[in-house]
Amino acid sequence: MDIRDEHYNLGEWNQLIESCLSDPDSEPLLNLERDENPVYDAIFVGGGAGGRFGSAYMKAMGGRSLIIDAWPFLGGSCPHQACVPHHLFSEAAEELDRMKWFSDELFFPKFDPSRASILALVKLFLAGRGSAHAFMNWQTKEQLDVEFVLNAHATIVDRNTVAAAGRTFTARNLVLGMGARPVLPDIPGLDLEGVYDFVSLVEELDYEPTRCVIIGGSKVAMEYGSFFQATGCDTTIVSRSQLMRTKALHHVDEDLRQYVVEGMRKRGMTIIDQAVPVSVNGVDGRVSSVTVRLSTGEETTLDTDFVFLGTGERPTVAQAREALGIEVGPTGRVAVNKRMQTSVPGVYAIGDMIDGPMEMFKARKSGVTAARNIMGEDLEFDYTEFPDFFHTTYEVTWVGLTEAEARERFDDVIIIQMPPTVEGLDTPNLPLPCAEGTMLYAFSKPELSGFQKLVVDGASRKVVGAHHVGYGAKDAFQYLDHLIHSPDGLTIDTLGWMNELFLNPEHFIQLSRLRAGNQTLRDL
Ligand SMILES: Cc1cc2nc3c(=O)[nH]c(=O)nc-3n(C[C@H](O)[C@H](O)[C@H](O)COP(=O)(O)OP(=O)(O)OC[C@H]3O[C@@H](n4cnc5c(N)ncnc54)[C@H](O)[C@@H]3O)c2cc1C
Ligand SMILES: NC(=O)c1ccc[n+]([C@@H]2O[C@H](COP(=O)([O-])OP(=O)(O)OC[C@H]3O[C@@H](n4cnc5c(N)ncnc54)[C@H](OP(=O)(O)O)[C@@H]3O)[C@@H](O)[C@H]2O)c1
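In this report, we go over the structure that sits alongside the text. (Residues numbered from 1 in each chain as written. Chains lettered and ligands numbered in written order. Predicted model: local features only at pLDDT ≥ 70, side-chain atom pairs only at ≥ 80, totals over all residues. Heavy atoms only, no water.)

**Let's talk about the environment of Val-146**
Position of Val-146 among the secondary structure elements: in the loop between helix H6 (130-143) and strand E4 (147-150). It is 8.7 Å that separates the C-alpha atoms of Val-146 and Leu-32, two residues lying 114 residues apart in sequence. The residues contacting Val-146, other than those within four sequence positions of it, are Asn-31, Ser-55, Ala-56, Lys-59, Ser-65, Ile-67 and Thr-140. (Helix = DSSP H or I, 4+ residues; strand = E, 2+ residues; numbered from the N terminus. Contact = heavy atoms within 4.5 Å.)

**Overview of the site of ligand 1**
By nearness alone, 33 residues border ligand 1, and Asp-69, Ser-77, Ala-154, Asp-352 and Met-360 come closest of all. Contact distances for ligand 1 include 2.8 Å between an oxygen atom and a side-chain N or O atom of Ser-77. A distance of 3.2 Å is found between an oxygen atom of ligand 1 and a side-chain nitrogen or oxygen belonging to Glu-359. Counting only elements with at least two residues in the shell around ligand 1, the list comes to helix H2 (49-60), helix H3 (77-80), helix H4 (83-101), helix H8 (219-230) and helix H11 (360-374). (Near = heavy atom within 4 Å. Polar contact = N/O pair within 3.5 Å; in protein donor to acceptor, adjacent residues only side chain to side chain.)

**A look at the environment of Phe-389**
Summarising the element assignment, Phe-389 is placed in strand E19 (residues 388-391). You can call Phe-389 buried: its relative accessible area is 18%. Spatially, the C-alpha atom of Phe-389 lies 9.9 Å from that of Leu-249, the residues being 140 residues apart in sequence. Beyond its immediate chain neighbours, meaning those up to four positions away, Phe-389 contacts His-86, His-87, Lys-219, Val-396, Thr-397, Trp-398 and Lys-474. (Buried < 20%, exposed > 50% of the residue type's maximum accessible area, 1.4 Å probe, protein only.)

**So, the site of ligand 2**
Within the structure, ligand 2 sits among 21 residues, and Ser-218, Arg-240, Ser-241, Thr-246 and Glu-359 are positioned closest to it. Taking Met-358, its main chain carries an N or O atom lying 3.4 Å from an oxygen atom of ligand 2. Between ligand 2 and Phe-389, the relevant distance is 3.5 Å, taken from a nitrogen atom to a main-chain nitrogen or oxygen of the residue. Across the complex, the protein chains shield 82% of the 920 Å² of accessible surface that ligand 2 would expose by itself. Among the secondary structure elements, those contributing two or more residues to the shell around ligand 2 are H8 and E19. Per-element accounting of the shell around ligand 2 gives the leading share, three residues, to H8. A class-by-class count of the residues in the shell around ligand 2 yields seven nonpolar, nine polar and five charged. (Areas by Shrake-Rupley, 256 points an atom, 1.4 Å probe, with all protein chains shown as cover. Nonpolar A, V, L, I, M, F, W, Y, C, P; charged D, E, K, R; others polar.)

**Here's the deal with the pairing of strand E23 (residues 462-470)**
Taken across its nine residues, E23 has eight buried, putting it largely inside the fold. Judged from the six bridges that link them, strand E20 (residues 395-400) and E23 form a sheet pairing that is antiparallel. The residue bridging Trp-398 from the neighbouring strand is His-467, located in E23. Both strand E22 (residues 451-457) and E23 contribute to a ladder of seven bridges, which runs antiparallel. Note on E23: the bridge partner recorded for Val-455 is Gly-465. What sits between E22 and E23 in their antiparallel hairpin is a turn of four residues, with Arg-461 showing a positive phi close to 65°. (Pairing = 2+ DSSP bridges.)

**Quick look at the pairing of E22**
Counted residue by residue, E22 has seven buried out of seven residues, so it is predominantly covered. Alternating positions in E22 separate into two faces, Phe-451, Lys-453, Val-455 and Asp-457 on one and Gln-452, Leu-454 and Val-456 on the other, with burial throughout. Of the strand pairs in this sheet, strand E21 (residues 413-418) and E22 are connected by six bridges, and their pairing is antiparallel. Across the sheet, residue Ile-415 finds its bridge partner in E22, namely Val-455.

**Description of helix H1 (residues 10-22)**
Counted at 1.5 Å a residue, the expected span for H1 with its 13 residues is 18 Å, and the 18 Å between its end C-alpha atoms agrees. Turning to H1, its buried residues number three or more, namely Trp-13, Leu-16, Ile-17 and Cys-20. In a view along the axis of H1, the buried residues occupy a sector of 95°, so they form one face of it. In H1, the exposed positions that point more than 90 degrees away from the buried face belong to Gln-15 and Ser-22. In the core, the buried residues of H1 are packed alongside strand E1 (29-31), H6 and E4. (Expected span 1.5 Å × (residues − 1). Arc of directions from axis to C-beta.)

**Considering the sheet that holds strand E14 (residues 286-293)**
If you trace the three strands from one edge of the open sheet to the other, you get E13-E14-E15, paired in antiparallel fashion. Looking at the sheet topology across the chains shown, the edges are occupied by strand E13 (276-283) and strand E15 (299-303). Across the sheet, the mean angle separating the axes of adjacent strands is 25° when strand polarity is ignored. (Axes fitted to C-alpha atoms, helices over the stretch in contact; angles between N-to-C directions.)

**Side note on a nonpolar patch on the surface**
A cluster of nonpolar side chains, Leu-106, Phe-107 and Leu-440, forms an exposed patch at the surface whose accessible area comes to about 350 Å². With a relative accessible area of 64%, Leu-106 lands in the exposed category. (Patch = residues over 30% accessible without salt bridge, like charges linked within 9 Å, V, L, I, M, F, W, Y side chains within 5 Å. Salt bridge = Lys/Arg side-chain N within 4 Å of Asp/Glu carboxyl O.)

**Brief notes about unusual backbone geometry**
A cis amide bond links Met-418 with the next residue in sequence, Pro-419, at an omega value of -5°. Residues Leu-432 and Pro-433 are joined by a peptide bond in cis, for which omega reads 0°. Within the fold, Pro-433 resides in the loop between E21 and helix H13 (439-444). Residue Asp-145 is not a glycine yet carries a positive backbone phi of 60°. Mapping Asp-145 onto the fold places it in the loop between H6 and E4. What makes Asp-145 partly exposed here is its relative accessible area of 35%. We note that Ala-165 has phi near 55°; this positive angle belongs to a residue other than glycine. In this fold, Ala-165 is placed in the loop between strand E6 (161-164) and strand E7 (167-176). Given the relative accessible area of 31%, Ala-165 is considered partly exposed.

**Observations regarding the sheet that holds E21**
With antiparallel pairing, the five strands of this open sheet are ordered in space as E19-E20-E23-E22-E21. Looking along the sheet, the strands with just one partner apiece sit at the ends: E19 and E21. Ignoring strand direction, the axes of neighbouring strands in this sheet form an average angle of 10°. Its contacts with the sheet place helix H14 (residues 474-484) against E19, E20 and E23, and it is angled at close to 5° to E20.

Take a look at the structure:
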């Protein structure tokens, strides 16, 4: 279907996308200029976060890019199945958590568990997710002026040719941005009804779970687990490693980790770590329990009507390997250098297809890095250091070194922390830190009001790490990351002289000011 001359509004895009999604035989959507046999500067295979940003940047630089995507919308997995539902569910978890702690207190009604439904939130997401898809299609066509073929599976023919929608397209370069999909661990019983991952949860859930066993101990496990528990679905997390101690997460401070995990326990979650899931068991084709081998070697069986897998994702690299002979690294991801160039000249890979954090900043910036190199710039993108976050019922955010990492690297490490660790101080009753989202807790349940820690190298006075559990700090961490990792770094003196917007979610500015007068810095 040639849509080049159509200028759909958001409602029309929404309808078109929905009709394509509901009809497997629907036609590809072609937004192509009218010239014959064009040679693009690059074909972006996959129009997710990486492909969309890379192709738009290339177009803005005067290049000619083409996106081909199997879905009838641009933007990829983030708005369809991953980040956006996660944020909706995590916000619901935060709200539900507050309503439960304050049930029948102050102006809060008595908490009614029958109104807290996983299924209702999934349906809310499904009813609304099309608007992001429609907007991204409209923006990419009408504002960014990028050519695309949607609703069409792409087949890589060679390093200059891609087949899709019954045609072949030619380019000087290929950019592979085909994302990653959930990994199913090798555990018997995963084919039973009632076993879900983050994709099937939104696509297929059709009942209200009452008890949940989660397999995994990283972001997806903890975020979705916290949401399920907040709705009243009794949740147990079974994790091979200690929670948050998986290889995929770096710079996790132990005090922050303990505050987060303890917070999950306080909210009624059962956490079984250093344990191996042995089998998922069923009755009449439906999941009924999970057998787990504990760290003691004993086996235990957990009854459940819902199993949720948070066991990571892997890219599909078979096609690129077969068609191009591309090098794939030991983690199963496409090997690239810092310009996003693969082992095959003229072929780039971006986003979740390559190693490094599977996060939006890396997907988008790696797409842009590929585009800028193709357009003649010599640009490297190093994503070894970055700010990170996830949710429980809190927002958990961190950047730079943990206290332990800093102590290995520097002789004189200064910690500025709230609440401070002082024997006998009775910090559970200290209503600090408090700010956005924790004021009510501070005045009635102070131990729930969050945790924060700043790590400073005493000799250079530079901030080397920041760690935060609470609400509303994520934005600040984007800028803290930039300042900490800038060539001059960020000293406690500069931080302590910034203008805080009091009460501020991170108390780092005012706490630094209390210590910046010390010639020899001290903990606080
Ligand atoms: C549950 C969850 C929550 C997350 N939350 C966050 C968050 O809060 N913040 C954050 O920064 N990151 C988050 N992430 C990570 C983020 O979603 C990914 O890093 C990001 O979406 C990767 O973008 P991408 O462009 O590499 O791939 P994708 O966005 O997955 O895009 C790949 C595209 O390629 C297309 N494709 C694949 N094969 C073909 C083919 N053969 N032909 C045509 N098209 C093809 C697909 O249709 C898809 O559109 C989350 C991930 C998960 C799983
Ligand atoms: N920014 C965000 O808020 C956000 C939110 C969600 C997801 N994401 C991104 O999405 C990606 C996927 O997240 P994820 O949490 O699913 O994956 P992940 O970080 O890769 O962690 C996978 C978890 O599954 C466990 N696991 C793997 N195979 C297993 C097996 N066979 N048996 C038992 N346990 C197994 C791992 O245990 P071990 O540690 O023992 O290996 C680990 O705990 C991540 O890279 C993440 O960055 C981002």
